[in-house]
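# Descriptive analysis of the structure
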Amino acid sequence: MIGKVLNVGIKEIIKQGIPKNFSVIILAQFLYKFFSFFTFIIIARSLGASNFGQFSYAISFAAIFVNFIDFGLSNIMIRDVAGEIKEKIEIYLNNILTLKLILSVLIYLVAILTFLFIESNKILFESILILCFVLVLDSYSVSFKSAFNLYEKFNYSALSIISEGALKLMFILFIKYFFVINILSISFLFLFCSIIML
């Protein structure tokens, strides 16, 4: 009896495409990490130890504050909307995007004021301004990917993830060979990629 129930349950899971969707997302994450690995190797070698340390500081500083924008709202949307997508998706997505807009402005201002209080490096300040905005855009991107995942369109999320990693690598190579790589140029590169991926 239990074997029969488990057999029916497994067939239902396979029919729903869960293993395929899981595999697509895992592959996309792997490729993104692969591209990011080489992107950051090129950045580190081009900037040198001191400047790469400042760039890492700027990313870390921005990430600390921007983490407060999402608060797991995308996960809550997936949990609450999953059974009734057509009825709830628009309401939840509108509410989440509105809340993220308000939180983005507040967190962005807090990050700027905090940085001005503890640091005075102009280039680092400009880089943090750009990278905070990049991470805010990435937060919105996560919400849209969650909406695609609700419709079980994991291929779109996967394509977005892979494209972002590949774009960053291609653009960093382009900048390396045709322009000067510095903290600001890399920050603008990340901004450009985030705008494209939004």
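So, here's what we can say about the structure. The structure displayed is predicted, hence computed values, not measured ones. (Residues numbered from 1 in each chain as written. Predicted model: local features only at pLDDT ≥ 70, side-chain atom pairs only at ≥ 80, totals over all residues. Heavy atoms only, no water.)

Our focus in this paragraph is the overall build of the chain. A count of helices and strands for the chain gives seven helices and zero strands. Its C-alpha atoms put the chain at 70 × 35 × 25 Å along the principal axes. Taken across its 198 residues, the chain has 38% of its residues classed as buried. Residue pairs in contact within the chain that sit at least 24 positions apart in sequence constitute 78% of those at least 6 positions apart. Surface accessibility of the chain: about 11900 Å² in total, with carbon and sulfur atoms responsible for 72%. Here the chain holds 15 positive side-chain charges and 11 negative ones, and the gap between their average locations is 9 Å. (Helix = DSSP H or I, 4+ residues; strand = E, 2+ residues; numbered from the N terminus. Buried < 20%, exposed > 50% of the residue type's maximum accessible area, 1.4 Å probe, protein only. Contact = heavy atoms within 4.5 Å. Areas by Shrake-Rupley, 256 points an atom, 1.4 Å probe, with all protein chains shown as cover. Lys, Arg positive; Asp, Glu negative; His and termini not counted. Charge placed at Lys NZ, Arg CZ, Asp CG, Glu CD.)

Moving on, we get to the packing of helix α3 (residues 73-81) against helix α5 (residues 122-150). At a minimum axis separation of 9 Å, α3 and α5 run at an interaxial angle of 20°. Considering their axes alone, α3 and α5 lie roughly parallel with respect to each other. Crossing angle aside, the handedness with which α3 passes α5 is right-handed. Between α3 and α5, the contacting residues are Ser-74, Met-77, Ile-78 and Val-81 on the first element and Val-142, Ser-143, Ser-146, Ala-147 and Leu-150 on the second. Classifying every residue of the contact of α3 with α5 gives six nonpolar, three polar and no charged. (Axes fitted to C-alpha atoms, helices over the stretch in contact; angles between N-to-C directions. Parallel < 35°, antiparallel > 145°, perpendicular 65-115°, else oblique. Left-handed = near helix turned anticlockwise from the far one by under 90°. Nonpolar A, V, L, I, M, F, W, Y, C, P; charged D, E, K, R; others polar.)

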